[in-house]
Amino acid sequence: PLERPRWSRVLLKLSGEAFAADLEHPEEGPHVGLNYRTIHTIASEIVSAYRVGVEIAVVVGAGNIVRGERAAEAGMERAAADYMGMLGTVINSMALQDALEKQGVPTRVMSAIAMAEVAEPFIRRRAIRHLEKGRVVVLAAGTGNPFFTTDTAAALRANEIRAGAVLKATNVDGIYDRDPHKFQDAVRYEQLSFDECIAKNLRVMDQTAFTFCKEYDIPIVVFNIARPGNIRRVVCGEKIGTLVGN
Ligand code: UDP
């Protein structure tokens, strides 16, 4: 049977660390900088999902370049450090755009911080238009505001562009009852409600992003980016990872 997308439009959230990992040795750190082979592979995973016929917007983090919180711990003014973090997401977005276009997929980078020479400004209706025309839209610079995260940008933009779900790519297979890296008998949840996550004290995304998705009824799928084909599987509604909804 032909694969069909479960949602017509999705928002994919990629952490910055995913761009630094060596896919042959995913556990080995430190996860800093850009691994171009990895970025090419991630792009090919996005292309494979795109070919199923789903509209894709991507929010990229910057944990591989700057984390505002870390810089602030080292004495920097938090707001300034956060702007550095947002600029880091622009670097990652440009790398992803290049890798996607090399594979024949039209893309646009839209930035929440004005940067006319490298990216379009984020204009909601324009972003939707790009998606309708079959372009992958890479959303850079988070929300454009310090003290927020790219998880929150993902939740916010998903709502703005009316995406059917936030697909949160991670380095584990989903949400577990305890840390699967530490406990061999950890059990993965296939599906959870937002309220169950709160009751069980499970961290899905950062608190602001989580609350936002709950409030506006945007399902979140947490899944492992390191397994080839997973983005496409999630898009097609295969029961991998953990689905969080109301
Ligand atoms: N950031 C910000 N506002 C936003 C999004 C990001 O200030 O709306 C900054 C913040 O300093 C953060 C950094 O950018 O630490 C990188 O984003 P994030 O930590 O979300 O990246 P990820 O963990 O997904 O790689």
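Residues numbered from 1 in each chain as written. Predicted model: local features only at pLDDT ≥ 70, side-chain atom pairs only at ≥ 80, totals over all residues.

Identification of the chain as Uridylate kinase from Chthonomonas calidirosea is taken from an unreviewed UniProt entry. Heading Subunit (unreviewed entry) of the UniProt record for the chain holds this comment: "Homohexamer." In its Subcellular location (unreviewed entry) section, the UniProt record describing the chain reads: "Cytoplasm". (UniProt positions renumbered as here; feature names shortened; annotations may be inferred.)

A.B. asks: I keep staring at the UniProt feature "binding site: UMP" (unreviewed entry) in the chain and nothing clicks. Help me out?
C.D. replies: UniProt marks Asp 82, Thr 143, Gly 144, Asn 145, Pro 146, Phe 147, Phe 148, Thr 149 and Thr 150 with the feature "binding site: UMP" (unreviewed entry), using the numbering shown here. Spanning 69 residues, the named residues nonetheless gather at one spot, since no C-alpha pair among them exceeds 11.0 Å. Assignment of secondary structure puts Gly 144 in the loop between strand 5 (136-140) and helix 5 (150-160). Judged by the 16 C-beta atoms lying within 10 Å of it, Gly 144 is partly exposed. Discounting chain neighbours no more than four positions away, the residues touching Gly 144 are Ala 112 and Ile 113. Here Phe 147 is to be found in the loop between strand 5 and helix 5. For Phe 147, a count of 12 C-beta atoms within 10 Å gives the class exposed. (Helix = DSSP H or I, 4+ residues; strand = E, 2+ residues; numbered from the N terminus. Buried ≥ 20, exposed ≤ 12 C-beta atoms within 10 Å, placed from the backbone. Contact = placed C-beta atoms within 7 Å.)

A.B. asks: Would you take a moment to explain the site of the ligand for this structure?
C.D. replies: Neighbouring the ligand are 24 residues; Gly 61, Gly 63, Gly 68, Gly 85 and Gly 142 lie closest to it. Mapped onto the shell around the ligand, the elements with two or more residues apiece are helix 2 (68-73), helix 3 (78-102) and helix 5. The leading source of residues in the shell around the ligand is helix 3, at five residues. (Near = placed C-beta within 6 Å.)

A.B. asks: What am I meant to see in unusual backbone geometry here?
C.D. replies: Across the chain, the bulk of peptide bonds are trans and the bulk of non-glycine residues have phi less than zero. Although it is not a glycine, Ala 141 sits at a positive phi angle of roughly 70°. Along the chain, the position of Ala 141 falls in the loop between strand 5 and helix 5. The phi torsion at Arg 162 lies on the positive side, around 55°, for a residue other than glycine. With respect to the helices and strands, the residue Arg 162 is situated in the loop between helix 5 and strand 6 (165-170).

A.B. asks: How do you make sense of the pairing of strand 9 (residues 242-245) when you look at a structure like this?
C.D. replies: Each regular strand shows side chains that alternate between the opposite faces of the sheet. Relative to strand 9, strand 7 (residues 191-193) runs parallel, the two sharing three bridges. Residue Ser 193 lies in a different strand from strand 9, and its bridge partner there is Gly 245. Of the strand pairs in this sheet, strand 8 (residues 220-224) and strand 9 are connected by three bridges, and their pairing is antiparallel. Paired with Val 221 across the strands is Leu 243, a residue of strand 9. (Pairing = 2+ DSSP bridges.)

A.B. asks: What is the right way to read the pairing of strand 2 (residues 55-60) from this model?
C.D. replies: Within strand 2, six of the six residues are buried, leaving the element largely enclosed by the surrounding structure. Covered by surrounding structure in strand 2 are Glu 55, Ala 57 and Val 59 together with Ile 56, Val 58 and Val 60, the residues of both alternating faces. As paired elements, strand 1 (residues 9-14) and strand 2 share six bridges and run parallel to each other. Counted as the bridge partner of Val 10 is Ile 56 from strand 2. Bridge count for strand 2 against strand 5 is three bridges, and the pairing is parallel. Bridge assignment links Val 59 to a residue of strand 5, and that residue is Leu 139.

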